[in-house]
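Notes for the structure review
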Amino acid sequence: MTPPDLPTELKSALDARLHGLSRSDTAERSAVISKTYRDGGGSTAIRSEADALAYALARMPATYAAVTASLNALAEITPDFAPNSLLDVGAGPGTASWAAAEAFSSLTAFTLLDANSALRALALDLGGARLRGMSYRQGEAPAELARADAADLVVASYMIGEIGEAERTALADLMWAKTRDTLLVVEPGTPAGYARILGLRAQLIAAGAHVAAPCPHDGPCPLQAPDWCHFSQRLPRSQAHRQLKSAELAYEDERFAYVALTRTPTARRPARVLAQPVVSKVEVTAKLCTAQGLAITKVPRRAKADYADARRWRWGDAVMKEAP
Ligand SMILES: C[S@@+](CC[C@H](N)C(=O)[O-])C[C@H]1O[C@@H](n2cnc3c(N)ncnc32)[C@H](O)[C@@H]1O
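Residues numbered from 1 in each chain as written. Predicted model: local features only at pLDDT ≥ 70, side-chain atom pairs only at ≥ 80, totals over all residues.

Each domain of the protein was delimited in the assignment, giving domain 1 (8–262) and domain 2 (271–319). Look at where the C-alpha atoms of domain 1 and domain 2 centre, and you get two points 30 Å apart. Listed per partner, the contact involves 14 residues of domain 1 and 11 residues of domain 2. Where the side of domain 1 that touches domain 2 is concerned, the elements lending two or more residues are α3 (49–77) and β7 (231–236). By residue number, the principal contributor to the side of domain 1 that touches domain 2 is α3, which donates 4 residues. (Domains from an automatic or database assignment. Contact = placed C-beta atoms within 7 Å. Helix = DSSP H or I, 4+ residues; strand = E, 2+ residues; numbered from the N terminus.)

Printed below as a string of C-alpha cells:
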C-alpha cells in the first residue's frame, strides 16, 4: 500500500518554493482559487506562477491522498496490473502522475495534458526528475486526447467536474478509447462528484467496461438519495499547510468518490465497506455494497473468527469474505 502523504521529494520541492513567498499573499490566492472552484468556476482563478504554487500547496496533498487511496484499492483488486504508460487528463501540477509513479514502479512513460499553462509550468518544474521522460501537452482535453497515444492507465483526477455535461460525455468516450487497460476517475466526495462518477460509470459499462473498484459489481448503484457513495482519506497536514488554511488540526480528511474501470473483468471481492463500521462488544455493524445490493451486516461476537475479521474493516476496504 502506498502511503497517502506526498513523497519526500515532492514535499521538499514544494517547501523550497515556499521560501521567500509571502504567506499571506499565498493564503489569499489559495482562498480565491478555492472560492472560484466552489462557485463552479473550476481552476480559472489559477493564472500565474504564484497562483499555481498556492493551488499546489493547498490542494496537492489532499488530491494526491485521494488518488493514492483509489490506486491502492485498484491494486488490491488487480495485483498483477503493472502499467508501463500513463495518461493524466487535466493533470494540473501533476498530482495523479506522482501518485501513479509511487503506486506502480512499472510506469516509464508519463503523458500529462491540461489547458492551464501556469500549472503545466509548475508540473514540469516539480516533476522533471521523478517523472522521467514526461510529456506535458497544453491544450483543451478533447483535442489533446484525440492526438495522444493510448496508455495502459488513464487517470482524470478532480477534472471532469470542470466541464459541462455534454462535453463530459464525449470526454468519457475519448478517455475510454485511449485506455488500454484501466481508467481511473476521481472526484470530490460530494453528492455532485458522486453523480458525475455514476454517470460516467453507467456510460462506460454500456460501452463494455467492467468496474474493478469500488463497486463489487457492474450493476446499478444500490444507494438511494440522499445517500451517496464516497470515501475518506486522512492525511497529515504540514505546518505550512496549517498556516495557509488557518487550520489547527495536524491532519485533514479528504472526501472523494472514484471509479476504476477495466477492459477485462477482474476477480472482485464480494463486498466494499461504505462507512466506518460500528464496533461494539456484542457485534460489528457494517454498511456493505455487495453484488446483491446494499447490506447492513451485523457480525456477532460469538462468530469469533468472522468478528475478528470484521473488527479490522475500515471504510473503503474490500471485504475478503462476506460475513454470515
Ligand atoms: C482541480 S484541477 C485538478 C488537477 C489535478 N488533476 C489534481 O488532481 O491535482 C482540474 C484541472 O483540470 C484542468 N482542466 C479543466 N478543464 C479542462 C479542459 N477542458 N481541458 C484541459 N484541462 C482542463 C484544469 O486546468 C485543472 O488543471
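Our focus in this paragraph is the packing of helix α7 (residues 165–177) against helix α8 (residues 191–206). Two elements in contact, α7 and α8, have axes separated by 10 Å at closest approach and are oriented at 50°. For the element pair α7 / α8, the angle class is oblique. Considering only the axes of α7 and α8, their crossing is right-handed. Facing Thr169, Ala172 and Trp176 of α7, the residues of α8 in contact are Leu200, Gln203 and Leu204. (Axes fitted to C-alpha atoms, helices over the stretch in contact; angles between N-to-C directions. Parallel < 35°, antiparallel > 145°, perpendicular 65-115°, else oblique. Left-handed = near helix turned anticlockwise from the far one by under 90°.)

One ladder, built from 7 bridges, connects strand β5 (residues 179–188) with strand β8 (residues 251–262); its direction is antiparallel. Bridge pairing in β8 links Leu184 to Ala260. Pairing geometry for strand β6 (residues 210–213) and β8, over 3 bridges, is antiparallel. In the sheet register, Val211 faces β8, and the bridge partner there is Leu261. Pairing of β7 with β8, which is carried by 6 bridges, proceeds in the antiparallel orientation. Within β8, the position partnered with Arg234 by the bridge is Asp253. (Pairing = 2+ DSSP bridges.)

Turning our eyes to something else, we now look at the site of the ligand. Not every one of the 21 residues close to the ligand is listed here, only the nearest: Gly90, Gly92, Thr95, Ala141 and Ser157. Listed by contribution, the elements that provide at least two residues to the shell around the ligand are α3 and α4 (95–103). Split into classes, the residues belonging to the shell around the ligand amount to 10 nonpolar, 8 polar and 3 charged. (Near = placed C-beta within 6 Å. Nonpolar A, V, L, I, M, F, W, Y, C, P; charged D, E, K, R; others polar.)

Moving on to the nonpolar core. Grouped together as the largest cluster of nonpolar side chains are 93 residues, with contacts concentrated most on Val89, Ala100, Val155, Leu184, Val185 and Tyr258. At 17 residues, the largest contribution of residues to this core is made by α3. Both domain 1 (8–262) and domain 2 (271–319) contribute no fewer than three residues apiece to this core. With near-sequence residues (within four places) excluded, Val185 lies in contact with Ala156, Ile160, Ile197, Leu200, Tyr258 and Val259. (Core = buried A, V, L, I, M, F, W, Y, C linked by C-beta atoms within 7 Å. Buried ≥ 20, exposed ≤ 12 C-beta atoms within 10 Å, placed from the backbone.)

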